[in-house]
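# Inside the fold
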Amino acid sequence: MLSAFKPRSLVELKPRDKSRIESILAYGDRLLVGLNNGNLRIYRINETFQVEEGEEENGSSKDDDHDGPVVPSTTPEKPTDLLREQERFSRYKIEQLAIIKEAKLLVSLSGGYVSIHDVQSYDLQEQLTRTKGASSFSVTSNIVNDPETGVPSIVSRLAVAIKRKILLWAWLDMELSTDTAEITLVSGIKTLTWVSGTKLVAGLSSNYVIIDIETMEITDLVGPGSIGGAPGQETSRLGVASMSYIGMGGIVPKPLATRLSNGQILLAKDINTHFVDIGGNSLGRKQIPWNSAAEAVGYSYPYLLALQDSSKGTLEVRNPETLSLLQSISLPSASLMHIPQPNISLAHAGKGFLVASDRVIWRMEALSYDSQIDELVENGYLDEAISLINMLEDALLKSKAGRMRGVKLQKAQSLFVAQKYRDSLDLFAEVSAPPEAVIRLYPKIIAGDLSIEEEQEANESSGDESQKQSNGVQAETEAMSSEDLAANRNSMYAPSLKSFLRGKTDASSDSGSIRGKSVENVRGKRLEGKDLKAAVRELQGYLADVRRRFQRFLNPDGSLKVENLYTNGNTDEFTESVRLLLGSGNDEDDNFEVRLRETAKLVDTTLFRAHMYATPSLAGSLFRIANFCDPDVVMEKLEETGRYNDLIDFYFGKKMHRRALELLWKFGHVETGEDSAPQLHGPKRTIAYLQHLSPEMIDLILEFAEWPLRMDPNLGMEIFLADTENAETLPRQQVVDFLQSIDATLAIRYLEHVIEELNDMSPDLHQRLLLLYLEQLQNHREGEPESEEGGTLAEWMEKFLTMLKTSSQYSPARMLDRLHRDDPDLFEARAIVFSKMGQHRQALEIYVFKLKDPVKAEEYCNHVHITEEAGAVERSLSQRVAPTDADDARPTIYLTLLSLYLSPPHDYQPQYGPALDILANHGSRLPANSTLNLIPETLPVQELEFYFRGRIRAANSIVNEARIVAGLQKGQNIRTQARLLLGEGSIGGTKARNRHVTITEERVCGICHKRLGGSVISVFPDNSVVHLGCANRLNAAA
C-alpha cells in the first residue's frame, strides 16, 4: 500500500562472530552496540551515507519513482566503520543503553545494575549501587524555563525500575542534582516510559500507572482486557485468547507504552491497546487490530510503529489516527527498536530510526512525504492521504494546502461515483471546487454543454473498457470490514486541479485493500432516475452556497462591488475561497470581472436546471431575486414546460419587459375556457406587472395599459391609482393626456386622485380638471350618452363648483373666459370666479339680481367677512364691533350688499326686505353714517328697530369691555406696587424696599467680627450687616 520506510543494513555480524546484539544506541554519527558478552562496539556512520539520508529526510530526493535509494556520486564501500570495541565494558550482557548528551554521560544496564560511563572514553565513572536488581531504565531531556528568571535550561532525568521501586536522578544542564527521589508502587515494574518532562508511565505486571514526579501523584490507568485497572472493566478484544500465554506456559507479554503526537499515549499489552491523554484520561478510541502481541512499540513522526512476531520479524507502520496498516516490512528475527528522542528538537526530526535483531542492525530511512502522499493517492487510499497531510507540518510539504485540496477533490469525485452525493457535494463546497468541475459530473439535462455525456456514449458504443465515466472519475466498491480502512478506491490520480477539470484518467494496477483484501472496480452507471434526482438535490445546496459567496463581489446589476480579489495585497479566507471557485492563480488577474460574471451565469443557469428537474416549485423563487441565468436556456425550458408565470417573473428580473408584456397581452385575450396558463388570463396579471415598472418606462406602461383600461376600466385604473411609489411618481401630464384619449372620466378620476389624495398643487392640473368638469357639463346639456364612469348633471355641477371654491391654483381670469355670462347654469360659477378675483360687488350682483337668492348672498358675505377677519391686522375693539366712516376705513362687504339692495343699478328695483334683514342681523358691522345715508327717508323708523337695538347693544358692549379692562389694569398695578414695596410673592421672602435689620449690642460685623455699635453699616441682600468700611474694602478686593 505504502512505502514509507526502506530498511538499509548498517551492521551485520560475521558468521564466525559468536556474539549477539543485545542493545543499540545512535547519536550523531556514532552507533553503539551492546553485546551479550559485555563488550561495547562503537561504529561510525559514514559521511556520504548521512548526506544521502539527509536528502531523503528533507524530501528533496530526485528519485521520482522511489523505487530505490538515491545513488550518491561516490558510493561508500560500507555504510559503517568499526572504530573500536570496548572489551569488558561490562561483566554481563549489556541489556540497555542511553545517553545524557548535555552531561556527556553514557548510561547502561547490565547485570542488574545501572552504570554511568564517559561518553567519549566509555570508561566507567560510577556504578549506581542503589540500582541493584534493576530491570529497566528510561532517560529524557527537556528544555525547561526557570520559573523565577525565565532562563531556559536543559533538564535530563533518569528513572530506574527496581522491582516495585523507581529511583529518579536529575541533571540540570551538566550538573547532577543531589536529590534522588524514590517512588514505591504496588507491584513489580516491567517497563518505564517518559511521556513528558515530568510524567512517567510505568507498566506493572497487572496494570499501568502514570506518575507525576513533581507532585509524586500516582494515577491508575484503566483499560480493556490485559491493560488492567479497576475491576469490572471490559474483557480483552479476543476474549480469553490472551490467557493462552499463561495457560500454556508461554512468556507473558511486556506492558508497552509510547508517546504519540498532541499529548496522546498508547498503552499496549498482549493484543490489547488503549489510548489515553497526558492526564491519564481515556480518549475512547478503538483498539489496534493486532493478531499477536507486539515485541516493541514506538512513534516516528508521523507514524506508529510496532515490531511483531520476533520469530519472523515484521515491522508494522500504522497511521496513528486511523490505525490503518500502511506498510509491513520483513526484518528477520528483529526484536529491538531504537527511536531518537524528539523532545528537544523538531517533532519530525529523527525520522530514521534503528531496528535490530541479534545479528543485524537496520536503519529505516523515510522517503519524502510528497512521494508518500503520491503513492497513497495513486493507489486510491484518499482518506489515508488526507489524514497524513493533516498530521504533517506545513514546512514538510511543498504546498500543504494545495495537496490537501487536490486529494479532497479526488475524494469528492470518488464519493460521487459511489452515490454518496451529500458527502461528495459537502466536500466539494468545503474545498471550494470550481463549479465547472462539479457540474461536469452531471448529465446534459443538468450540465448542458459542459456535460461529457456524449463522449461517454461514444465510448460505450465502441466497447471501450478503459473505465472512463461521464464524470471523469473511477470508483471501487466498498468491501472492507469494520476493522479495515473505510475508504473508496480511486484508480485515477490527478495531481493538479487542471487535470481534474479535464477529467483525464491514468490507468493504474489494481492493488489490495489495507489488509491485503482485493477490491473489485466497478463501472459507474449513468445518472438517471432516483439517483439523478438525489444527486441534483445535493447540487442545489452546493450551487446556493456558491451564489452566496459571489454576492459579496457582485451587485444585482452585474457590476463589481470591489475592483478585484486583492485588497492591500492580501486576501481573507472568504476571498480566497472565491479565488479557488474561479480557478484563479495566486497572482492578480485582470480578467477577474469577466470570469466572475461567467461563473455566476453558469451557476445560476445550472441551479435553474436543477430546480426545474428536482423541485420545479422553487424555480420561480430564483427569478424573484437578482440572478444571472442565461435567458435563452431559461426561456426555452419554461416555454417547453408551460411555466409561463415563472417566465414572466424571469422577464421582469432581466428587464425584458416588452417580451413579458407581449406574452401577457397574448394570454390576456384568450378565451376563458382554455387550460393554458389560466392565471395569466384577463388584464389582472398585466396590471400587476405594469404597477412594478419604474416611471422611466412610462412609454411602455402607457402602450400596454390601454387594453386593460378598455377591458376593465376600474381594474385598469389601479395602474395609476395604486398606493405605490411607482404610481405616485409617474409623469402626470402624460398620464392625463393618455387617459383623456381613452375616456375623459378616467382622466377626471386620475386628476381627482392626485389633487385630493396626493395634494398636487400644479396649476396646470387644477385648471385641466376644471375644464374637464366643464366639458362634462356641456356634454350632459347637449344630450350626449353618459360613460360608464359618468354621473348626473347635478353631480358634475357640484364637483365643478366645489373645485372652484376650494382650489386656489387655477387661473380665475382664464376660467372666467370659458364661462358664458348669459348661461343661467353658470351664474354661480361666475360668482365664485369673481370672488377668487376679489371682485365682490360683481359676485354679489350675480347672487342678488341674476340668481335672486338673498340667502346665498348673505352666506357669501359671511364667508368673506370671516376670511377678512382672519387675515386682517389687529384693530381696536370699537372698530371691530362698531365700524366707523373713517377716511382710511375699508367698506365692509355687508355695506356693499346693502347698497345693492337699497341703491340698485338701473333696471332693478330696491329690495327692502333683504335690506332690513341685513340691517337686523349685521347692523353692528355696518358704519353708522354710510348706513343711514343709504336708508331712504320714506322707510318707517319702526322697521329700523332691530338695527338701532343692535347698534346700542354694540355700543354698550364697548363701554362694558372698557370698564372691565380698566378694572383688571388697576388690580395689576396694585399687585405690582405690593411686590415692589413689601416684597410679596418674591423668591426667598425678600421684602424689597420695606426691608429692615435690627442692630443689638451683641451683633458683630461679619468681616472684622467687631461689635457694630453706632457705626455706619452696610446691609447686603441676604440681610447680613457689616461696617461700611469693611464693605468698601471687600468690594475693592473683589
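Everything numeric here is computed off the predicted structure, so don't read it as measured data.

## Considering the pairing of strand β4 (residues 40-45)
- Taking burial as the measure, the 6 residues of β4 include 5 buried ones, the bulk of the element.
- Summarising the sheet, strand β3 (residues 30-35) and β4 pair through 5 bridges and their orientation is antiparallel. Each bridged residue has a counterpart across the sheet, and for L32 the counterpart in β4 is I42.
- Count of turn residues in the β3/β4 antiparallel hairpin: 4 residues, of which G38 carries a positive phi of about 90 degrees.
- Examined bridge by bridge, β4 and strand β5 (residues 80-86) share 6 bridges and lie antiparallel to one another. Counterpart to Y43 in the pairing with β5 is L82.

## Quick notes on the nonpolar core
- Judged by nonpolar contacts, the single largest core of 140 residues is most densely connected at Y442, Y542, F720, L739, F800 and L804.
- Per-element accounting of this core gives the leading share, 10 residues, to helix α13 (residues 592-614).
- With residues up to four places along the chain from it excluded, the contact list for Y542 reads L425, F428, A429, A433, P434, P435, V438 and L581.
- With 50 residues, the next largest nonpolar core counts L266, Y301, L376 and L392 among its residues.

## Overview of the pattern of salt bridges
- Scanning the model with the defined rule gives 33 salt bridges in all.
- R41 is the salt-bridge partner of E85, the closest N and O atoms lying 3.4 Å from each other. Taken as a pair, E85 in strand β5 and R41 in strand β4 lie far apart in primary sequence, 44 residues in all.
- Note on R41: relative accessible area 10%, which makes it buried.
- For D823, the salt bridge is made with R781, and the minimal N-O distance between the two is 2.4 Å. Separated by 42 residues along the polypeptide, D823 in the loop between α27 (812-818) and α28 (827-836) and R781 in helix α25 (residues 763-782) bring together distant segments of the chain.
- Owing to a relative accessible area of 9%, D823 belongs among the buried residues under this scheme.
- In this structure R781 comes out as partly exposed when scored by relative accessible area, which is 43%.

## Regarding the sheet that holds β4
- The strand order across the open sheet built from 4 strands is β2-β3-β4-β5, with neighbouring strands paired in antiparallel fashion. Strands with a single pairing partner mark the edges of an open sheet, and in this sheet they are β2 (21-27) and β5. On average, each strand axis in the sheet is tilted by 20 degrees relative to the strand beside it, whichever way the strands run.
- Where β2 meets β3, 6 bridges bridge the pair, whose relative direction is antiparallel. Pairing of I21 across the sheet is with L35, part of β3.

## Details of the sheet that holds strand β16 (residues 199-204)
- Taken together, the 4 strands give an open sheet; going across it, the order is β15-β16-β17-β18, and neighbouring strands pair in antiparallel fashion. In this open sheet, the two edge strands, each paired with only one partner strand, are β15 (189-194) and β18 (217-221). Recorded for the sheet is a direction-independent mean angle of 25 degrees between the axes of neighbouring strands.
- By the bridge criterion, 5 bridges tie β16 to strand β17 (residues 208-212) in an arrangement that is antiparallel. The residue bridging L200 from the neighbouring strand is I211, located in β17.

## Things to note about a nonpolar patch on the surface
- A contiguous nonpolar patch, built from L932, V941, F948 and I952 and spanning about 370 Å² of accessible area, is present on the exposed surface.
- Tracing the backbone shows L932 in helix α34 (residues 928-934).

## Some details on helix α5 (residues 400-417)
- Taking 1.5 Å of rise per residue, 18 residues should cover 26 Å, and α5 covers 26 Å from first to last C-alpha, within 8% of that figure.
- Counted residue by residue, α5 has 14 buried out of 18 residues, so it is predominantly covered.
- Count one or two residues on from α5 and you reach Q419, which has phi positive near 65 degrees.

## Overview of the packing of aromatic side chains
- According to the stated counting rule, one finds 15 aromatic pairs in the structure shown.
- Here the aromatic rings of F5 and F353 are separated by 5.2 Å at their centres, their planes lie at 75 degrees, and the arrangement is edge-to-face. Here the residue F5 occupies a position in strand β1 (residues 5-12), and F353 occupies one in strand β27 (residues 353-356), the gap between them amounting to 348 residues. Neither F5 nor F353 differs from the other in exposure class; each is buried.
- Each ring, one from F720 and one from Y750, has its centre 6.3 Å from the other, and the planes form 80 degrees; the classification is edge-to-face. With F720 in helix α21 (residues 718-721) and Y750 in helix α24 (residues 744-757), this pair connects stretches of sequence that are 30 residues apart.
- Under the relative-accessibility criterion, F720 is labelled buried at 1%.
- According to the relative accessible area criterion, Y750 is buried, its value standing at 0%.
- A network of ring pairs unites the aromatic residues F5, Y303 and F353 as a single cluster.
- The positively charged end of K533 is found above the aromatic ring belonging to Y613, 6.0 Å away from the centroid.
- Sitting over the ring of W796, K799 keeps its end group 5.0 Å from the ring centre.

## A few points about α28
- Counting buried positions along α28 gives 8 out of 10 residues, so the element sits mostly inside the fold.
- Turning to α28, its buried residues number three or more, namely F827, E828, A829, R830, A831, I832, V833 and F834.

## Section: the packing of α5 against helix α6 (residues 421-430)
- Axis separation between α5 and α6 bottoms out at 8 Å; the angle between their running directions is 160 degrees. Relative to α6, the element α5 lies roughly antiparallel. Crossing handedness for the pair α5 and α6: left-handed. Mapping the contact onto sequence places K408, L409, K411, A412, Q413, L415 and F416 in α5 and Y421, D423, S424, L425, L427, F428 and E430 in α6.
- Of the residues belonging to the contact of α5 with α6, the class tally is 8 nonpolar, 2 polar and 4 charged.

## Some words on the environment of L124
- You can see L124 is positioned in strand β9 (residues 124-128).
- A residue is classified by how much of its surface remains accessible, and L124, at 52% relative accessible area, is exposed.
- Sequence-distant contacts of L124, defined by excluding residues within four places in its chain, comprise S115, I116 and H117.

## What about the environment of L580?
- Tracing the backbone shows L580 in helix α12 (residues 573-581).
- Counting along the chain gives 149 residues from L580 to V431, while the straight-line C-alpha distance between them is 8.2 Å.

## Considering the side chain of S414
- Mapped onto the elements of the fold, S414 is located in helix α5.
- Looking at S414, its side chain comes within polar contact range of the main-chain oxygen of K411, at 2.6 Å.

## So, the pairing of β18
- Strand direction decides the pairing type here: β17 and β18, joined by 5 bridges, are antiparallel. Looking at β18, one finds that I211 is bridged to I218.
- Turn length for the β17-β18 hairpin, with the two strands adjacent in sequence and antiparallel, is 4 residues, and the turn residue M216 shows positive phi of about 60 degrees.

Rules behind the numbers
Residues numbered from 1 in each chain as written. Predicted model: local features only at pLDDT ≥ 70, side-chain atom pairs only at ≥ 80, totals over all residues. Heavy atoms only, no water. Buried < 20%, exposed > 50% of the residue type's maximum accessible area, 1.4 Å probe, protein only. Helix = DSSP H or I, 4+ residues; strand = E, 2+ residues; numbered from the N terminus. Pairing = 2+ DSSP bridges. Core = buried A, V, L, I, M, F, W, Y, C linked by side-chain atoms within 4.5 Å. Contact = heavy atoms within 4.5 Å. Salt bridge = Lys/Arg side-chain N within 4 Å of Asp/Glu carboxyl O. Axes fitted to C-alpha atoms, helices over the stretch in contact; angles between N-to-C directions. Patch = residues over 30% accessible without salt bridge, like charges linked within 9 Å, V, L, I, M, F, W, Y side chains within 5 Å. Areas by Shrake-Rupley, 256 points an atom, 1.4 Å probe, with all protein chains shown as cover. Expected span 1.5 Å × (residues − 1). Phe/Tyr/Trp six-rings, centres within 6.5 Å; stacked < 30°, edge-to-face > 60°. Lys NZ or Arg CZ within 6 Å of the ring centre and 35° of its normal. Parallel < 35°, antiparallel > 145°, perpendicular 65-115°, else oblique. Left-handed = near helix turned anticlockwise from the far one by under 90°. Nonpolar A, V, L, I, M, F, W, Y, C, P; charged D, E, K, R; others polar. Polar contact = N/O pair within 3.5 Å; in protein donor to acceptor, adjacent residues only side chain to side chain.

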